[in-house]
Amino acid sequence: MERICKSISLVIPCYNEAGNLDALLERCMATLNTLGLTWEIVLVDDGSRDNTALQLAHWSAREPRVRALLLSRNFGKEAALSAGIDAARGQTVVLMDADLQHEPELIPTMLQRWRHGIDVVYARRKDRSDEPWFKRTFTRLFYRMLNATHPRVTIPPDAGDFRLLDRHVVDALKSLPEHNRFMKGMYAWVGFHSEELPYTPKARASGQSHYNLHSLVSLSLSGMTAFTTWPLRASSVLGVNLALLAFCYGGYLVLDYWLFGAEISGWTTIVVSTMLFSGVQLLSLGVLGEYIARIYEEVKGRPLYIVHRSLGAGLPQDGGLTPLVLPETPRAG
C-alpha cells in the first residue's frame with residue numbers, strides 16, 4: 001500500500017551562495033510544482049558575507065512559500081542543517097546543498113520511493129574520480145575506521161546530506177540534544193528503513209567549495225569524537241603495548257647484566273625511548289583533551305544556533321495537513 005504525501009519541505013543551508021540562488025530556486029520551484037503537493041522551501045543563511053541574505057529576503061517577499069532563516073553569525077553547516085530541520089513543517093523533508101551539485105530533479109524519484117515505504121532515501125555518489133587522490137583515500141579510511149568501531153550503525157561512505165526524510169525521522173533527529181553534531185552519523189544512528197539512490201553530482205555552478213583540507217580534518221575529528229570512543233581505546237591499547245614492550249626490554253637489560261656484566265650504554269636508546277614515550281603521552285593527552293572539550297561544549301548548554309531574522313510564511317504549523325478553507329464569495333444582489 002502506497003503512502004500518501006500531502007506536503008513537502010525543502011531545506012537548503014546557504015553560505016556565500018548568492019551566485020547560485022536564482023537558478024537553484026527556479027529549478028526547485030519548477031520541480032516542486034510538478035508534484036501536486038503543498039510545499040515550502042526553507043533557506044538558512046549561515047552568516048554569509050556576500051549578498052546571500054539580500055537574495056533570500058527578495059525571494060521570501062516574492063514567494064510566500066519560501067522561508068528564510070538568517071542566523072546571527074556563521075555557526076557551521078551542521079548547525080545550519082539543524083536549524084532547517086527544526087523549522088521544516090512538511091510531512092516529508094528533503095535536505096540539499098545550494099551549489100547546484102544536488103539536482104532538485106531527483107526529488108520526484110526520492111518521493112516515489114518514500115511512497116513505497118522507504119523512510120530515508122539518500123543520494124549516494126557513484127564514484128569520486130573527480131576528487132584528488134588524497135581526499136578519496138582519506139575519506140575511505142575515515143569511514144572504514146568509523147564503521148569498524150561502531151558495528152551496530154553503518155554510515156554509507158559516499159552519501160552526503162542530499163536525502164529525503166520521513167516526518168518520523170525528522171522528529172527523531174530533533175529529539176537528539178547534543179551540541180557536537182555529525183549529521184551523517186546522526187542520520188544513520190536514528191535508524192529507520194533507508195535506501196540509497198545512486199547519482200553523479202554536477203559541477204559547482206558558481207563560487208568555490210568551502211571545504212578545504214583543514215575543514216575536512218576538523219569535520220573528521222568531530223565525527224570521531226561525536227560518534228565513537230575508538231580514539232580513547234586506541235590510546236589505551238597503544239599505551240598497554242608500549243608498556244609491555246618497555247617491560248620486555250627492561251627484562252632483557254637485567255638479564256644481559258647478569259650474564260655479561262655492565263656495559264657502557266649509548267645515549268641513542270635512552271633519547272629515542274624518552275622521545276617515543278613522551279610523544280605517546282602527549283598524543284594520549286590530546287585525544288583525552290578532545291573529548292573533554294566536547295564535554296565542555298555540551299555542559300555549557302548554549303543554543304546550537306541563533307536566528308537573527310525569519311522571513312516568509314512557508315507551510316502552516318500542522319505541515320499543511322489541514323484542508324484549506326477558502327472564504328465564501330458574497331453573492332450579488
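Structure first, text after, so check above.
This structure is a prediction, so every number in the text was calculated from the model and none was measured.

Peer 1: Requested: an account of the overall build of the protein, with residues and values cited.
Peer 2: Secondary structure summary: the protein contains 10 helices and 8 strands in total. Here the protein holds 333 residues, and the buried ones make up 42% of them. Contacts spanning at least 24 positions in sequence make up 84% of the contacts within the protein whose residues lie at least 6 apart.

Peer 1: I'd love a proper account of unusual backbone geometry, names of residues and values included.
Peer 2: The phi dihedral of N16 falls on the positive side, at around 55°, and the residue is not glycine. Looking at the element boundaries, N16 is found in the loop between β1 (7-14) and α1 (18-33). The partly exposed category is assigned to N16, whose relative accessible area is 23%. Positioned with a positive phi, L100 is a non-glycine residue whose angle comes to about 70°.

Peer 1: Report on the nonpolar core, specifying residues and quantitative values.
Peer 2: Core analysis: the biggest nonpolar cluster contains 38 residues, and I8, L10, I12, L24, I41 and L43 have the highest contact counts within it. Among the elements that take part in this core, α1 stands out by supplying 6 residues, more than any other. Membership of the second largest hydrophobic core comes to 30 residues, among which are A80, A83, A87 and L176.

Peer 1: Any chance you could break down the packing of aromatic side chains for me, citing the residues and the numbers?
Peer 2: Evaluation of the coordinates by the stated rule reveals 1 aromatic pair. Consider the rings of F162 and Y199, whose centres lie 6.1 Å apart with planes at 75°: the pair is edge-to-face. Pair noted here: F162 is in strand β6 (residues 159-166) and Y199 is in strand β7 (residues 194-199), with a separation of 37 residues, a long-range link. When the ring centre of F75 is taken as reference, the NZ or CZ atom of R73 above it lies at 4.0 Å.

Peer 1: With reference to specific residues and values, describe the environment of E17.
Peer 2: Turning to its location among the elements, E17 is positioned in the loop between β1 and α1. Here the alpha-carbon distance between E17 and T52, two residues 35 residues apart in the chain, equals 5.9 Å. Separated by 2.7 Å, the side chains of E17 and N20 make a polar contact.

Peer 1: Explain the side chain of S48 residue by residue, including any values.
Peer 2: Positionally, S48 belongs in the loop between β2 (38-45) and α2 (52-62). Polar side-chain contacts of S48 include one of 2.8 Å to the backbone nitrogen of N16. Within the structure, S48 has its side chain in polar contact with the side chain of D45 (distance 2.5 Å). With residues up to four places along the chain from it excluded, the contact list for S48 reads C14, Y15 and N16.

Peer 1: I'd like to hear about the sheet that holds β7, residue by residue, with values.
Peer 2: Taken in spatial order, the 8 strands of this open sheet run β7-β5-β6-β4-β1-β2-β3-β8, and their pairing is mixed. Either end of the sheet is taken by a strand with one partner, and the two such strands are β7 and β8 (307-311). On average, adjacent strands in this sheet sit at an angle of 20° to one another, irrespective of strand direction. Pairing of strand β5 (residues 120-125) with β7 involves 6 bridges; the strand directions are parallel.

Peer 1: Please provide a residue-by-residue account of the packing of α1 against α2, values included.
Peer 2: Two numbers describe how α1 lies on α2: the axes approach to 9 Å, and their chain directions differ by 25°. In terms of their interaxial angle, α1 and α2 are classed as roughly parallel. α2 is crossed by α1, and the crossing has right-handed handedness. Only T52, Q55, L56, W59 and R62 of α2 make contact with α1, whose side of the interface consists of A18, L21, D22, L25, E26 and M29. Here the residues of the contact of α1 with α2 sort into 6 nonpolar, 2 polar and 3 charged.

Peer 1: Give a detailed account of the pattern of salt bridges, specifying residues and quantitative values.
Peer 2: If you walk through the whole model with that rule in mind, you get 11 salt bridges. The partner of R27 in a salt bridge is E105, with the nearest N and O atoms 2.7 Å apart. With R27 in helix α1 and E105 in the loop between β4 (92-95) and α4 (107-115), this pair connects stretches of sequence that are 78 residues apart. For the salt bridge of R113 with E195, the shortest nitrogen-to-oxygen distance reads 3.1 Å. Placement of the pair is R113 in helix α4 and E195 in strand β7, with a sequence separation of 82 residues. Accessibility expressed as a relative area gives 30% for E195, which makes it partly exposed.

The rules behind the values
- Residues numbered from 1 in each chain as written.
- Predicted model: local features only at pLDDT ≥ 70, side-chain atom pairs only at ≥ 80, totals over all residues.
- Heavy atoms only, no water.
- Helix = DSSP H or I, 4+ residues; strand = E, 2+ residues; numbered from the N terminus.
- Buried < 20%, exposed > 50% of the residue type's maximum accessible area, 1.4 Å probe, protein only.
- Contact = heavy atoms within 4.5 Å.
- Core = buried A, V, L, I, M, F, W, Y, C linked by side-chain atoms within 4.5 Å.
- Phe/Tyr/Trp six-rings, centres within 6.5 Å; stacked < 30°, edge-to-face > 60°.
- Lys NZ or Arg CZ within 6 Å of the ring centre and 35° of its normal.
- Polar contact = N/O pair within 3.5 Å; in protein donor to acceptor, adjacent residues only side chain to side chain.
- Pairing = 2+ DSSP bridges.
- Axes fitted to C-alpha atoms, helices over the stretch in contact; angles between N-to-C directions.
- Parallel < 35°, antiparallel > 145°, perpendicular 65-115°, else oblique.
- Left-handed = near helix turned anticlockwise from the far one by under 90°.
- Nonpolar A, V, L, I, M, F, W, Y, C, P; charged D, E, K, R; others polar.
- Salt bridge = Lys/Arg side-chain N within 4 Å of Asp/Glu carboxyl O.

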